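This is what each chain is made of:
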Amino acid sequence: MKLVLASQNPHKIRELRAVLPEHWELLTASDLGIAGELPEDGTTLQENAQQKSEFLWRACGLPSLADDSGLEVDYLDGLPGVHSAYFAGPQKSDSDNRAKLLVHMQGAAERKARFKTVLAWTTQEGTSFYLGQVEGEITRAERGSQGFGYDSLFVPSEGDGRTFAEMREGEKSLISHRSRAVAAWLKALQKS
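Since the model is a prediction, treat every value here as computed from it, not as a measurement.

Engineer: Looking at this model, I keep getting lost on the packing of aromatic side chains. Mind explaining?
Structural biologist: The description of an aromatic ring pair rests on the distance of the ring centres and on the angle between the ring planes. Per the counting criterion, the structure on display carries five aromatic pairs. A centroid spacing of 5.4 Å and a plane angle of 45 degrees characterise the contact between Phe 154 and Phe 164, whose relative ring orientation is tilted. Taken together, the residues Phe 154 in strand β6 (residues 154–156) and Phe 164 in the loop between β6 and α4 (169–175) connect sequence positions 10 residues apart. Looking at Lys 172, its charged tip hangs above the ring of Phe 164, at a distance of 5.4 Å from the centre.

Here it is in structure tokens:
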């Protein structure tokens, strides 16, 4: 199968390639000559994922997979959520986003959070959606150097006390929100 992924993020591309069947050909928008940011101005993770996958489907006619992921922090009433990538501003800086989150969490006893990923899969039959999430807590300081985004601040409840950024990629993929969404998508593909 040939499909196009609506992401230029090398971490996401590597995570997805690791779980797809080896004989599948995974292309990106840039592989197809589509440059720049894809549309992403929805108010929910699902709307953003849908905008990107449907844009690519219209642009290239290939089955298109897009995700939008967000970190929801209970203490912050679900923020940064859909704004996770731009939490600290339009520069879209992971380190600035983490620093802002830590400032907002200073002194907070309640540290529960969850990562969510919504995948949108667009083909000639339309668009379908798949959710993956993982519960956890926000640390008081960054820990670990693996991963990206908020990984160095998030300790999954199902783990052993390490942050996502302290885990090897294979360990993280066993319990991550993205791998769970991908597993739900692959399961649905097998049924069809």
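Engineer: In this structure, what is going on with the sheet that holds strand β5 (residues 126–138)? I would like to understand it.
Structural biologist: For sheets, the rule is that strands pair by backbone hydrogen bonds, running either parallel or antiparallel. Spatial strand order, β2-β1-β3-β4-β5-β6: six strands in an open sheet with mixed pairing. If you trace the sheet from one side to the other, it starts and ends with β2 (25–28) and β6, each paired once. Across the sheet, the mean angle from the axis of one strand to that of its neighbour is 35 degrees, orientation sign disregarded. Across two bridges, the pairing between strand β1 (residues 2–5) and strand β3 (residues 64–73) is parallel. Within the sheet, the bridge partner assigned to Leu 5 lies in β3 and is Leu 65.

Engineer: What is the right way to read the pairing of β2 from this model?
Structural biologist: On a regular strand, one side chain projects to one face of the sheet and the next to the other, so that they alternate. With four bridges connecting them, β1 and β2 associate as parallel partners. When the sheet's bridge partners are listed, Val 4 is paired in β2 with Leu 27. Note that the unit made of β1, helix α1 (residues 10–19) and β2 has a crossover that is right-handed.

Engineer: Help me out: how do you make sense of the packing of α1 against helix α5 (residues 177–191) in this one?
Structural biologist: The axes of two packed helices give the description: the angle between them and the distance between them. Contact pair α1 / α5: the axes reach a minimum separation of 11 Å and the direction vectors enclose 45 degrees. What the angle tells us is that α1 and α5 run oblique. Of the two elements, α1 crosses α5, and the hand of that crossing is right-handed. Here Lys 12, Glu 15, Leu 16 and Val 19 of α1 lie close against α5, whose contacting residues are Arg 178, Val 182 and Leu 186. Along the lines of polarity and charge, the residues of the contact of α1 with α5 split into four nonpolar, no polar and three charged.

The rules behind each value
Residues numbered from 1 in each chain as written. Predicted model: local features only at pLDDT ≥ 70, side-chain atom pairs only at ≥ 80, totals over all residues. Heavy atoms only, no water. Phe/Tyr/Trp six-rings, centres within 6.5 Å; stacked < 30°, edge-to-face > 60°. Helix = DSSP H or I, 4+ residues; strand = E, 2+ residues; numbered from the N terminus. Lys NZ or Arg CZ within 6 Å of the ring centre and 35° of its normal. Pairing = 2+ DSSP bridges. Axes fitted to C-alpha atoms, helices over the stretch in contact; angles between N-to-C directions. Right-handed = clockwise from strand over helix to strand, strands pointing away. Parallel < 35°, antiparallel > 145°, perpendicular 65-115°, else oblique. Left-handed = near helix turned anticlockwise from the far one by under 90°. Contact = heavy atoms within 4.5 Å. Nonpolar A, V, L, I, M, F, W, Y, C, P; charged D, E, K, R; others polar.

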